[in-house]
Amino acid sequence: MAAEVSFEVASPHGPRAATLSYARSGAGEPLLLLHGIGHHRQAWDPVVDILAAEYDVIAVDLPGFGASPSLPDGLRHDLPTVVPALGALCRALGVERPHVAGNSLGGLLALEMGRRGLVRTVTALSPGGFWTPAERRYAFGTLLAMRHGARLLPVPAIERLARSAAGRTALTSTIYARPWRRSPEAVVAETLALRDATGFEATLESGRDLPMGEDVAGLPVTVAWGDRDRLLLPRQGVRAKRAIPGARLVRLGGCGHVPMSDDPALVARVILDTCRAGGARGQELDHARVESTSR
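Colleague: Any details on the overall build of the protein chain? Residues and values, ideally.
Modeller: A count of helical and extended segments in the protein chain gives 11 helices and eight strands. A compact globule built from 295 residues would reach a C-alpha radius of gyration of about 19 Å, and the protein chain, at 18 Å, matches this within 12%. Dimensions of the protein chain, computed from the C-alpha atoms along their principal axes, are close to 65 × 45 × 40 Å. The buried share of the protein chain, taken over its 295 residues, is 56%. Here the contacts in the protein chain between residues at least 6 apart in sequence split such that 72% fall between residues at least 24 apart. Carbon and sulfur atoms provide 54% of the accessible area of the protein chain, an area that totals close to 12500 Å². Side-chain charges of the protein chain comprise 34 positive and 30 negative groups, with the mean position of each set lying 5 Å from the other.

Colleague: Any chance you could break down the packing of aromatic side chains for me, citing the residues and the numbers?
Modeller: Taken as a whole, this structure holds one aromatic pair when the rule is applied. Sitting above the plane of the Phe 140 ring, Arg 136 keeps its charged end 5.4 Å from the centroid.

Colleague: An account of the sheet that holds strand S1 (residues 2-9) is requested, with residue identities and associated values reported.
Modeller: Reading across the sheet, the eight strands line up as S1-S2-S4-S3-S5-S6-S7-S8 and stay open at both edges, with mixed pairing between neighbours. Strands at the two margins of the open sheet, each flanked by one partner only, are S1 and strand S8 (248-252). Mean inter-strand twist for the sheet, computed between neighbouring axes without regard to direction, equals 25°. In this sheet, strand S4 (residues 56-60) lies alongside strand S2 (residues 16-25) in antiparallel orientation, the contact comprising four bridges. Its bridge partner lying in S4, Tyr 22 is registered against Val 60. Relative to strand S7 (residues 221-226), helix H9 (residues 235-243) is tilted by about 165°, and along the sheet it contacts S7 and S8.

Colleague: Can you explain the side chain of Asp 229? Please cite residues and give values.
Modeller: Positionally, Asp 229 belongs in the loop between S7 and H9. Although Asp 229 is buried, it forms no salt bridge, and the closest oppositely charged side chain is Arg 230 at an N-O distance of 8.0 Å. Of note is the side chain of Asp 229, whose polar atom sits 3.4 Å from the side chain of Trp 225. At a separation of 2.9 Å, a polar atom in the side chain of Asp 229 contacts the main-chain amide nitrogen of Leu 231. Apart from residues lying up to four places away in sequence, Asp 229 is in contact with Ser 126, Pro 234, Cys 255, Gly 256 and His 257.

Colleague: I'd like to hear about the pairing of S4, residue by residue, with values.
Modeller: Of all five residues in S4, five are buried; the element is thus mostly enclosed. Burial of S4 is two-sided: the residues Asp 56, Ile 58 and Val 60 facing one way and the residues Val 57 and Ala 59 facing the other way are all buried. Inspection of the sheet shows strand S3 (residues 30-34) paired to S4 by five bridges, in the parallel sense. The partner of Pro 30 across the bridge, within S4, is Asp 56.

Colleague: Which residues make up unusual backbone geometry, and what are the values?
Modeller: Not every positive phi belongs to a glycine, and Ser 104 is a case in point at roughly 60°. Here Ser 104 is to be found in the loop between strand S5 (99-103) and helix H3 (105-115). Despite not being glycine, Ser 126 has its phi angle at roughly 45°, a positive value. Take Ser 126: it is sitting in the loop between strand S6 (122-125) and helix H4 (133-152).

Colleague: Kindly report on the pairing of S7, identifying the contributing residues and their values.
Modeller: Counting buried residues along S7, six of its six residues qualify, which places the element largely inside the surrounding structure. With burial as the criterion, each face of S7 is covered, one bearing Val 221, Val 223 and Trp 225 and the other bearing Thr 222, Ala 224 and Gly 226. Direction of pairing for S6 relative to S7: parallel, over a ladder of four bridges. Among the inter-strand pairings, Leu 125 is bridged to a residue of S7, identified as Ala 224.

Definitions and cut-offs
Residues numbered from 1 in each chain as written. Predicted model: local features only at pLDDT ≥ 70, side-chain atom pairs only at ≥ 80, totals over all residues. Heavy atoms only, no water. Helix = DSSP H or I, 4+ residues; strand = E, 2+ residues; numbered from the N terminus. Rg over C-alpha atoms; globule rule 2.2 N^0.38 Å. Buried < 20%, exposed > 50% of the residue type's maximum accessible area, 1.4 Å probe, protein only. Contact = heavy atoms within 4.5 Å. Areas by Shrake-Rupley, 256 points an atom, 1.4 Å probe, with all protein chains shown as cover. Lys, Arg positive; Asp, Glu negative; His and termini not counted. Charge placed at Lys NZ, Arg CZ, Asp CG, Glu CD. Phe/Tyr/Trp six-rings, centres within 6.5 Å; stacked < 30°, edge-to-face > 60°. Lys NZ or Arg CZ within 6 Å of the ring centre and 35° of its normal. Pairing = 2+ DSSP bridges. Axes fitted to C-alpha atoms, helices over the stretch in contact; angles between N-to-C directions. Salt bridge = Lys/Arg side-chain N within 4 Å of Asp/Glu carboxyl O. Polar contact = N/O pair within 3.5 Å; in protein donor to acceptor, adjacent residues only side chain to side chain.

Put into structure tokens, the structure is as follows:
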């Protein structure tokens, strides 16, 4: 079941209250799931039950997407603001250093959380930030065209298109390798999420001058890329590996930009392998922190 949590975020004018929507299931070590731009937390639905068999899974609607409102006026939807907000979210939920998996924008945020020591492990699926200027212009132009198309279509037309495999392909083939597998209800919901996302433009704008991602040291990191990703091209995964030498680079065969639907079992296995790799090491780091604090 979806829920909301409110917490304070620092701003130049003092603390501001922010609210995010999330769904939580399972038990065990916490695992935070972050979706991509224009999407919503339901993007993770194909893998949630698999992950929740071992972990306390928290799927979040990022600020200005899904059921979450945008950040308060005066706060930018950029990495320096959203990453601390996600840290505040975790504290509000009583979660310390979760595992994190993110897709696209969510992968970019997950890697930055890793750089700041906020998480135990990172799994980044086609993360943003490893593009050339030309690749960024292509990706942003494609996203804007998708947004424009979703806003032009009346809801009855979206519902009618979603009833057929051809219509689902027309609506979502940019992000899925197998769009016909999506249910009509899911396609309608994610098209409306793209259309109604209040944080879309502000989030996209904040990525225009994004520097190439830096190393993420001291914790297990997996970067996974669908070999049929038409939005962020697979060669960007090689750049990510160069920037993060200790990361495991995984090819997701037959998967598109949002791979959770294309091959749920494969994506869940990649995430679980990363989380398991960080279990023992994360406990050692926590113990070391306790020892250091007690001296």
